[in-house]
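Inside the fold
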Amino acid sequence: MSERKAINKYYPPDWDPSQVPKKRKNTNPNAEKVRLMLPFSMKCLQCNEYIASRRKFNARKEITPEKYMGIKIIRFHIKCPRCNNGIVFRTDPKSAGFAPVEGGVRNYESLAPQEKIKPLETEDEIFERLEREETENKRFQEQKAKRKNNPFWQAKDQGEKDVLESLEDKLADQQREQEIHDHLAYLQAKSARLQQSGGVDHVTNVVHAQVSQALAKEKAIEDNDEDLEKAKVIFSTREKRPMPASVSGVITVKKPKRKPVDEVKSAIIEKKDEVKESKTQTTGKPSLAVSALAGYSSSDEE
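Residues numbered from 1 in each chain as written. Predicted model: local features only at pLDDT ≥ 70, side-chain atom pairs only at ≥ 80, totals over all residues. Heavy atoms only, no water.

Per an unreviewed UniProt entry, the protein carries the name Splicing factor YJU2 and comes from Clavispora lusitaniae. Its UniProt record gives the protein a comment under Subunit (unreviewed entry), which states: "Component of the spliceosome. Present in the activated B complex, the catalytically activated B* complex which catalyzes the branching, the catalytic step 1 C complex catalyzing the exon ligation, and the postcatalytic P complex containing the ligated exons (mRNA) and the excised lariat intron." (UniProt positions renumbered as here; feature names shortened; annotations may be inferred.)

Concerning a negative patch on the surface
Side chains of Glu218, Glu222, Asp223, Asp225, Glu226, Asp227 and Glu229 sit close together on the surface and give a patch of like negative charge. Along the polypeptide, Glu226 turns up in helix H3 (residues 200-237). (Patch = residues over 30% accessible without salt bridge, like charges linked within 9 Å, V, L, I, M, F, W, Y side chains within 5 Å. Areas by Shrake-Rupley, 256 points an atom, 1.4 Å probe, with all protein chains shown as cover. Salt bridge = Lys/Arg side-chain N within 4 Å of Asp/Glu carboxyl O. Lys, Arg positive; Asp, Glu negative; His and termini not counted. Charge placed at Lys NZ, Arg CZ, Asp CG, Glu CD. Helix = DSSP H or I, 4+ residues; strand = E, 2+ residues; numbered from the N terminus.)

As for the packing of aromatic side chains
Across all of its chains, the model carries 4 aromatic pairs by this definition. On the basis of an interplanar angle of 45° and a centroid distance of 5.0 Å, the ring pair of Tyr11 and Trp15 is categorised as tilted. Ring centres 6.1 Å apart and planes at 75° place the aromatic pair Phe89 and Phe98 in the edge-to-face group. By relative accessible area, which is 2% here, Phe89 ends up buried. Since its relative accessible area comes to 30%, Phe98 is described here as partly exposed. Here a set of aromatic residues connected by ring pairs shows up, and it is made of Phe40, Phe76, Phe89 and Phe98. In this structure, Arg106 is placed above the aromatic ring of Phe40, and the distance from its NZ or CZ to the ring centre is 4.1 Å. (Phe/Tyr/Trp six-rings, centres within 6.5 Å; stacked < 30°, edge-to-face > 60°. Buried < 20%, exposed > 50% of the residue type's maximum accessible area, 1.4 Å probe, protein only. Lys NZ or Arg CZ within 6 Å of the ring centre and 35° of its normal.)

A closer look at the sheet that holds strand E3 (residues 50-51)
As summarised here, the arrangement of the 3 strands in space is E3-E2-E8, forming an open sheet in which the pairing is antiparallel. At either margin of the open sheet sits one strand with a lone partner, and together these are E3 and strand E8 (104-106). Here strand E2 (residues 42-44) pairs with E8 via 3 bridges, running antiparallel. Directly across from Met42, in E8, lies its bridge partner Arg106. (Pairing = 2+ DSSP bridges.)

If you want it as structure tokens, here you go:
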């Protein structure tokens, strides 16, 4: 049994190496075969076959003499999987993508962003930019010097916090979450009690009754306050009696002067006499009605 991998190979005596077929050389040194995937979906112009993106093809790579800002433009030659039509697409350094050349078209055109022309800087903007660059350079030099002394030194950002501060923030967040959880549990228990007690309608009726009682009490208090204000106004309008004068903290009251007894007796006697005279006058003189009746007789009737 012969070896599978023979070191020495047998050549017959009539073997002619000139008759061995030689490989075809590539006439175009800039062309080579590559394995690639389609960068975009396209449609064949001959058979209208839709070819999805990221489909693998054995393509022929061709480096063209065209350039864009010193970047070489490369073409890729593939064949349609249905009709074997040749399709060519190339690189587009301007848009950082690919563009079809012949044999196929894109299914959709991408809206490439337009180039924005930077406006010219004014003197103030130039000074601001230079100052900003100078401050950044100073900060970089300071950090470089610190790293030279301590290679493990790192600059802290403005929003960065210490370990203790971050731990406190975490504890505060946990406490807030616990409070929210407790409040949620309380609300759930309250809703369960409401359902057991008869629902929301019963509770609303009770609340309405309590509110009506409170309003009635407030109204009664307001009426009482109005009555008190009216009484205050009435009493304030009355004339105040003069207070007795006080001397050295002792109140002195003026007593009315008494008349002598003889004058009082004489005044009483005079009043009695006047009363008697008035009675005699009324009894002694008959009234007009009586005098008229006195002159009337029965003979006058006839």
